[in-house]
Amino acid sequence: MPDLSSRTVLVTGATSGIGLETARLLADGGATVLLHGRTAEETRAAVDRLVAMSGIDESRLRPCAADFTSLEEVEALAEHVVREHPHLDVLVNNAGMAAPERHTVTADGNEIAFQVNFLAHYLLTCLLEPALTSDPGGRVVNVSSTLHRTASIQWADPNRARRYSRLAAYAQSQLALTVFAADPRVTAVSVHPGICDTALLPLYALEGAEPAEGAAHIVRLCYPAVEIVNGAYYDRAERVDPAPAAQEERTVKRLNKLADLLVGRAA
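Notes on the structure follow. Counting from 1, residues in each chain are numbered in the order their sequence is written. Local features in this predicted model are restricted to residues whose pLDDT is 70 or higher, and side-chain atom pairs enter the listing and the counts only when it is 80 or higher, whereas totals over whole chains, interfaces and linings include all residues. Side-chain metrics in this entry use all non-hydrogen atoms of the structure; hydrogen atoms and water are not considered.

## Considerations on the packing of aromatic side chains
Inference 1: Stacked, tilted and edge-to-face are the three classes assigned to paired rings of Phe, Tyr and Trp, where Trp is represented by its six-membered ring and a pair needs centres within 6.5 Å; plane angles under 30 degrees give stacked, over 60 edge-to-face, the rest tilted. According to the stated counting rule, one finds four aromatic pairs in the structure shown.
Inference 2: Arranged with centres 5.4 Å apart and planes meeting at 50°, the rings of F114 and F118 form a pair that is tilted. Of this pair, F114 and F118 are both found in helix 4 (residues 112-127), four residues apart, which corresponds to roughly one turn of the helix.
Inference 3: Classification of residues uses two cut-offs on accessible area relative to the type maximum, computed with a 1.4 Å probe and protein chains only: under 20% is buried, over 50% is exposed, and between them is partly exposed. For F118, a relative accessible area of 1% translates into the label buried.
Inference 4: Centre to centre, the rings of Y122 and F180 are 4.9 Å apart; their planes meet at 50°, and the pair counts as tilted. Of this pair, Y122 sits in helix 4 while F180 sits in helix 6 (residues 166-180), and the two are 58 residues apart along the sequence.
Inference 5: Using a relative accessible area of 5% as the deciding quantity, one classes F180 as buried.
Inference 6: Ring pairing ties together the aromatic residues F114, F118, Y122 and F180, which thus form one cluster. Put simply, DSSP H or I for four residues or longer makes a helix, DSSP E for two residues or longer makes a strand, and each gets a number counted from the N terminus.

Set out below in structure tokens:
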């Protein structure tokens, strides 16, 4: 593993599964890892687990909490990161959830999977732009899904209030995250880490690979020596074409306009 001792990386959804393994591999490489979880208790427990089970130096792990069902908490997280870490090398947008069986809307008025999986990351990335671009080379890695290919964004009804399907809602959030990687403000890529044995496994299959295997594909894209092209999509280690919508400039602009409106950034 390359030496990452000079790198600072924020990993969202880092308290279990692929996110936890991504944080572990980055910290093993010497990176300072901002380890995000939904609550302070969950995040502290993840830090303790990595220290106890992997022997990682606790000074490399910086816990930070925010519930992505609250955009106010996302804003507070970004404010904390920019204040404490004005230079951020990598943001790994990994936090995710399966859409629930019943249509569920957050206090911010958004379908819950669309907010947690995409809108929260959109807002966080926008607010962290100063830290990510303070020096050349800052990058964003969006942890997406091959299911983005099955999706369409319901522009007139992104909350899918009129016709809800949990699989369609989840896939829409993954397509939006993949499209967002082509935004020109910060160099970004998206990656499908493979089907792994995590809480999201029932959406894909009956069995999957170990989370560490999926995490390795994410961590590789964090290495400064690995050159990336803005908007690129990877299926595990292989760069492939994403869904056509993710390569359309007009779709990127339209999505940004919608996301700005839904997170309260519209003029």
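On we go.
## Structural notes on the packing of helix 6 against helix 8 (residues 249-263)
Inference 1: Where helices are involved, their axes are fitted lines through C-alpha atoms of the stretch in contact, as for all axes, and angles between N-to-C directions lie from 0 to 180°. Running from amino to carboxyl end, helix 6 crosses helix 8 at an angle of 115°, the nearest separation of the two axes being 9 Å. Classified by the angle between their axes, helix 6 and helix 8 sit roughly perpendicular to one another. Crossing of helix 6 over helix 8 shows left-handed handedness. Taking contact as the criterion, the partners of A176, V179 and F180 in helix 6 are, on helix 8, T251, V252, L255 and N256.
Inference 2: Amino acid classes used here: Ala, Val, Leu, Ile, Met, Phe, Trp, Tyr, Cys and Pro are nonpolar; Asp, Glu, Lys and Arg are charged; the rest, including Gly, are polar. The residue inventory of the contact of helix 6 with helix 8, partitioned by class, reads five nonpolar, two polar and no charged. What sets the label is the angle itself: under 35 degrees gives roughly parallel, over 145 gives roughly antiparallel, 65 to 115 gives roughly perpendicular, and the rest give oblique. For a crossing to be left-handed, the near helix must be turned anticlockwise from the far one by less than a right angle; the clockwise case is right-handed. Note on contacts: a residue pair qualifies if any of its non-hydrogen atoms lie within 4.5 Å across the two residues.

## Some points on the pairing of strand 6 (residues 188-192)
Inference 1: Among the five residues in strand 6, five count as buried, and that is most of the element.
Inference 2: The pairing criterion for strands is at least two bridges between them, as found by DSSP. In the sheet, strand 5 (residues 139-143) pairs with strand 6 via four bridges, with the strands oriented parallel. Counted as the bridge partner of V140 is A188 from strand 6.
Inference 3: Considered for its hand, the β-α-β crossover made up of strand 5, helix 6 and strand 6 is right-handed.
Inference 4: Pairing analysis gives three bridges linking strand 6 to strand 7 (residues 233-235), with the strands arranged parallel. Across the sheet, residue S190 finds its bridge partner in strand 7, namely Y233. By the criterion used throughout, a crossover qualifies as right-handed when its path from the first strand across the helix to the second strand runs clockwise, the strands pointing away from the viewer.

Bear in mind that shape data such as this cannot, by itself, settle questions of function.
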